[in-house]
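# Report on the structure
Chain by chain, the residues run as shown.
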Amino acid sequence: MNLATIQHILPQFGIDPAHAEINPLGNGLINHTYKITDHLRHINIVLQVVNTAVFHQPEDIQHNYLIVRNYLAQTGSTIALPRPLLTTKGEMGYTDDENRFWRGFEFIENTYSPDLAHNTQLAYTAARCFGQFTHELNGSNIHLLREILPRFHDLGYRFEQFEEAILNAVPDRKIRAEELVDGLLKKAYILSFFNSILQNPDYRIRVMHHDTKVSNILFNKDSNEVVCPVDMDTVMPGRFYSDIGDMIRTMTCSVDENSTDFNAIHIRKEYYKAILNGYLHEMAHSFTVEEMRHIHYSGLIMIYQQALRFMTDFLKGDVYYRTRYPDHNLDRARNQFCLLESLEQFLKEEYNFPVRIPAQNTVVPG
Ligand code: GN1
Ligand code: MG
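The present account deals with the structure reproduced in this document. (Residues numbered from 1 in each chain as written. Chains lettered and ligands numbered in written order. Predicted model: local features only at pLDDT ≥ 70, side-chain atom pairs only at ≥ 80, totals over all residues. Heavy atoms only, no water.)

## Quick word on the site of ligand 1
Put simply, the rule is: Here, proximity means that at least one heavy atom of the residue falls within 4 Å of the molecule or strand. We call two N or O atoms a polar contact when they sit within 3.5 Å, provided that within protein one can donate a hydrogen and the other can accept it, with sequence-adjacent residues counted only if both atoms are side-chain atoms.
As a matter of local geometry, ligand 1 sits amid 15 residues, with Leu29, Asp211, Glu257, Arg309 and Tyr320 nearest to it. At 2.8 Å from an oxygen atom of ligand 1 is found a side-chain nitrogen or oxygen belonging to aspartate 211. Measuring from an oxygen atom of ligand 1, one finds a side-chain N or O atom of tyrosine 320 at 2.5 Å.

## Re the sheet that holds strand 10 (residues 226-229)
Convention followed: Following DSSP output, two strands are said to pair if at least two bridges run between them. Secondary structure counts use DSSP, requiring at least four H or I residues in a row for a helix and at least two E residues in a row for a strand, with both numbered from the N terminus.
As summarised here, the arrangement of the 3 strands in space is 7-9-10, forming an open sheet in which the pairing is antiparallel. What marks the edges here is a single partner per strand, and that holds for strand 7 (111-112) and strand 10. Two elements, strand 7 and strand 9 (residues 217-220), share 2 bridges in a ladder whose sense is antiparallel. Bridging across to strand 9, tyrosine 112 finds its partner in phenylalanine 219.

## Describing the layout of surface pockets
Rule in force here: Here a cavity is any set of points on a 1 Å grid over the protein atoms alone where a 1.4 Å probe fits but cannot get out, and a pocket is any open set with protein on both sides within 12 Å along at least 5 of 7 lines; a residue lines the site when it has an atom within 4 Å of a point. Grid points are joined across faces, edges and corners, and a volume is the space filled by probe spheres set on the points. Charged residues are taken to be Asp, Glu, Lys and Arg, nonpolar residues to be Ala, Val, Leu, Ile, Met, Phe, Trp, Tyr, Cys and Pro, and polar residues to be all remaining types, Gly included.
By volume, the second largest pocket is sized at about 440 Å³. Of all elements in the fold, only helix 4 (155-167) and helix 10 (297-315) reach the threshold of two or more residues within the lining of the second largest pocket. Classifying every residue of the lining of the second largest pocket by side-chain character gives 10 nonpolar, 4 polar and 6 charged.

## Quick notes on helix 4
Keep this limit in mind: Working rule for helices: expected span equals 1.5 Å times residues minus one. Throughout, exposure labels follow a simple rule: accessible area from a 1.4 Å probe, protein chains only, divided by the maximum for the residue type, with under 20% read as buried, over 50% as exposed, and the rest as partly exposed. Note on contacts: a residue pair is in contact if any heavy atoms of the two residues lie within 4.5 Å.
Helix length check: helix 4, at 13 residues, gives a terminal C-alpha distance of 18 Å against a target of 18 Å (1.5 Å per residue), a fit within 8%. The complete set of buried residues in helix 4 reads Leu155, Gly156, Arg158, Phe159, Phe162, Ala165 and Ile166. Elements that come into contact with the buried residues of helix 4 comprise helix 5 (171-185), helix 6 (189-197) and helix 10.

## Some points on the coordination of the magnesium ion (ligand 2)
Worth spelling out the cut-off: Distances decide who is a donor: an N, O or S atom must be within 2.8 Å of the metal, or within 3.2 Å for Na, K and Ca. Water is not included, so sites may look incomplete.
Only Asp211 (OD) and Asp231 (OD) from the protein reach the magnesium ion (ligand 2) as donors, at distances of 1.9 to 2.3 Å. With aspartate 211 in the loop between strand 8 (206-208) and strand 9 and aspartate 231 in the loop between strand 10 and strand 11 (236-238), this residue pair connects regions lying 20 residues apart in the sequence. A residue is classified by how much of its surface remains accessible, and aspartate 231, at 24% relative accessible area, is partly exposed.

This is how it looks when you write it as structure tokens:
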């Protein structure tokens, strides 16, 4: 986003661009986020432009945000989400002439968000934070929440999109991806498990964050305590595997999803356990017996899904994720595939997890 565009928007939020400093914040693949320093009023705000090609109804994001924020506040939760900033017209956001949706938040001072889970303590703390989030929203009315991105973490849907992308692939990309595509097709046992839970009421519909990277948590700079989770764009109804699974995906590996050092990709046992312990510390009593039993499927589902999504985008010619070089999505898919294989290996060794047996009656030890 160029500077002039942002400057042009600032008056909508009551900020004089002549006295404002603009700095990029975070590194999301979908939305752009900025820290705006208003030198006249001596305040900082967070300004975000929501990608409406992905989020067709940004009002729904704001709707869910208010419901969740109010519920947490009313029930005395320690999770206090940033106050949304209204436009000068008193609205929750501003749509510009190019149909981009802009919204603002209070900037919470003296906080930071880690780029990686640098130690197991941090992984544990992050897992507790997202566990607490879902746990404390247990009593809220899930029907009030809108499904912001339909079928977002629906593995069946992601697999369908993957199959469709194979059929219609850009020819030279299809060739470059062939071996990996085959590898991905062979992991469809995870899909069988997924399909088996869909109509089963023992797997509840819960409020899920759906993007549980450690960089989506604010920590206090002095105490290093959690302040709150952020990036609520995908807060909506979901199932047990989403949040813990995405933490396993993003925190158990020593390198991130953009790394091409494929040999370095492996599940770090202590991190896996820290995430499980932290999440279950908050969620164990909320989970049903079935959810607890199949908790180890969480990482498998989420890593497999992300591999399929990156591969799908590669085959379609990079239409969704922001990329920095031509094979970026292919490399990301390979990265996630390596992580998936490492997780399978780890689960087998550590929990004697029978990942290849049809999942329906699988009992997960310990
Ligand atoms: C996207 O933009 P970001 O980084 O918050 C994506 C997530 C993926 C992630 C992969 C709306 O999140 O689902 O896991 O990239 N969000 C959307 O890095 O598709
Ligand atoms: Mg996000």
